[in-house]
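These are the residues of each chain, in order.
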Amino acid sequence: MLIPMTFRRIIPLSVKTALKRIYYFGNSCICNVCHSRLRYFRPAGLAHEVIDELMIIGGGLYEHDICPVCLSSYRQRSLMLYLQKNKLIRNYASVLHIAPEVGLYRALKKNISGQYVCGDFDPQLYAEIDSMVKIDVTKIAFPDNYFEFILCNHVLEHIPADLTAMKDIYRVLAIGGTAILQVPISLLLSETREGNGFENEEQRISLFGQKDHVRVYAMDYVNRLKSVGFLVSMVPVNSLIDSGNDGKMHLDEREILFVCSKNQ
Ligand SMILES: [Zn+2]
């Protein structure tokens, strides 16, 4: 959508969103994050052999991925669908969103009047998100049992000490709270592929499918989450999809949501 840069800077976000909705309007796609009907979703991701070879869900090239209005990906739409169907979008007192996705952030922000903390190890990467804070996911600078709801999607596969990160997310989650912790996951590997010494980007791409990933999780990911105390509910995305318009969200029906809770 060609709007000169000078105007883009001064047009309020709500007006920009409304203009994009009109420009991209169509009946082929539905974005449940920004509630738009669209002509298309943009492709995103990079194809690598290992992604297909290991059947890695949540990695690689997706032809119908990015919403041109809110920039949400299919991953954000599937997560939003889960939240919508389980009435989990509500007025929490405290929410932690690690490595926040801009589409989800804008949708959730409207509903959270309590504390909504958005953080990342490198907060400067998030120009479109207000009040980003620095969060080291292995050492989260908040008290025990602090957050009622935590989102941390596609982060743990970047973290060498992933168990330390899981323990700290568990620590700051309130008793009775919910954390959704998505990662790319192989449906074919019998155990998580990782190891030391993969300093070379080429090696990491060929083994893990992305230059900044340090592992490919297998379904034993669930055991890691349980080992730090989480109760884990695996929710297949295809169980959320109704006949009718849900197909227009272009979700990956093989995806599984890892919904974690803490009961003590
Ligand atoms: Zn959207």
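Everything in this summary refers to the structure shown in the same document. Predicted model, so just to flag it, every value in this text is computed and none were measured. (Residues numbered from 1 in each chain as written. Predicted model: local features only at pLDDT ≥ 70, side-chain atom pairs only at ≥ 80, totals over all residues. Heavy atoms only, no water.)

### Focus: the sheet that holds strand 6 (residues 94-98)
In plain terms, the rule: What makes two strands pair is DSSP finding at least two bridges between them. Only DSSP runs of H or I reaching four residues or more are called helices, and only runs of E reaching two or more are called strands; each is numbered from the N terminus. To define axes, lines are fitted to C-alpha atoms, for helices over the stretch in contact only, and angles between the resulting N-to-C directions are given on a 0 to 180 degree scale. By definition in these notes, contact holds between two residues if any of their heavy atoms fall within 4.5 Å.
Taken in spatial order, the seven strands make up an open sheet running 8-7-6-9-10-15-14, and their pairing is mixed. At either end of the open sheet lies a strand with only one pairing partner, and these are strand 8 (132-134) and strand 14 (231-236). Mean inter-strand twist for the sheet, computed between neighbouring axes without regard to direction, equals 25°. Packing of helix 6 (residues 162-172) onto the sheet brings it into contact with strand 6, strand 9 (147-152), strand 10 (173-180) and strand 15 (256-261), and relative to strand 10 it is tilted by some 130°.

### Some remarks on the nonpolar core
What counts here: To define a nonpolar core, start from buried Ala, Val, Leu, Ile, Met, Phe, Trp, Tyr and Cys residues and group those joined through side-chain atoms within 4.5 Å. Note on exposure labels: buried denotes an accessible area under 20% of the residue type's maximum, exposed denotes more than 50%, and partly exposed covers the range between, all computed with a 1.4 Å probe on protein chains only.
In this structure, Tyr221 and Phe230 are the most contacted members of the largest nonpolar core, which totals 76 residues. No other element matches the six residues that helix 4 (residues 74-85) contributes to this core.

### Quick word on helix 4
Selection rule: In a helix, the anticipated span is given by 1.5 Å times the number of residues less one.
Here helix 4 is 12 residues long and its end C-alpha atoms lie 16 Å apart, about the 16 Å a rise of 1.5 Å per residue gives. Summarising burial for helix 4: nine of the 12 residues are buried, a large majority. Looking only at helix 4, the buried set comprises Tyr74, Gln76, Arg77, Ser78, Leu79, Met80, Leu81, Tyr82 and Leu83. Once helix 4 ends, the next one or two residues include Lys87, with phi positive near 50°.

### Details of the coordination of the zinc ion
As a benchmark, a tetrahedral metal site with four donors has ideal angles of 109.5 degrees, while an octahedral site with six donors has ideal angles of 90 or 180 degrees. Our working definition: In this listing, donors mean N, O and S atoms no farther than 2.8 Å from the metal, or 3.2 Å for Na, K and Ca; water is missing from the atoms, so a site can look incomplete. For a four-donor site, all angles between 85 and 135 degrees give tetrahedral; for four or six donors, opposite pairs above 155 degrees with the remaining angles between 65 and 115 give square planar or octahedral; all remaining cases count as irregular.
Bound to the zinc ion on the protein side are Cys31 (SG), Cys34 (SG), Cys67 (SG) and Cys70 (SG), at distances that span 2.3 Å. Around the zinc ion, the four donor atoms sit at angles spanning 107 to 113°, and that spread fits a shape best called tetrahedral. The class for Cys70 is buried, based on a relative accessible area of 6%.

### Comments concerning the pattern of salt bridges
The following threshold applies: Should a side-chain nitrogen of Lys or Arg be within 4 Å of a carboxyl oxygen of Asp or Glu, the pair is scored as a salt bridge.
Taken as a whole and assessed by the stated rule, the structure comprises 10 salt bridges. A salt bridge links Arg171 to Asp144, with the nearest nitrogen and oxygen atoms 2.8 Å apart. In this pair, Arg171 sits in helix 6 while Asp144 sits in the loop between strand 8 and strand 9, placing the two residues 27 residues apart along the sequence. The partner of Arg224 in a salt bridge is Glu194, and the shortest N-O contact between them spans 2.5 Å. Here Glu194 lies in strand 12 (residues 193-194) and Arg224 lies in helix 8 (residues 221-227), a separation of 30 residues in the sequence. Judged by its relative accessible area of 17%, Arg224 falls in the buried class. If you follow the salt bridges from partner to partner, you end up with Asp162, Glu194, Arg215 and Arg224 in one network.

### Quick look at the pairing of strand 1 (residues 25-31)
If a strand is regular, its side chains alternate between the two faces of the sheet. In the sheet, strand 1 pairs with strand 2 (residues 36-38) via four bridges, with the strands oriented antiparallel. By the bridge assignment for strand 2, Cys31 is matched with Ser36. Here strand 1 hands over to strand 2 after four residues, with His35 in that stretch at a positive phi of 60°.

### Let's talk about the side chain of Arg77
Put simply, the rule is: In this count, Lys and Arg are taken as positive residues and Asp and Glu as negative ones, while His and the chain termini are left out.
If you trace the backbone, Arg77 turns up in helix 4. No salt bridge is formed by the buried Arg77. Its closest oppositely charged neighbour is Asp65, at 4.5 Å. Discounting residues that sit within four places of it in the chain, Arg77 has contacts with Ile30, Cys31, Asn32, Val33, Phe41, His64, Asp65, Cys67, Ser72, Met249, His250 and Leu251.

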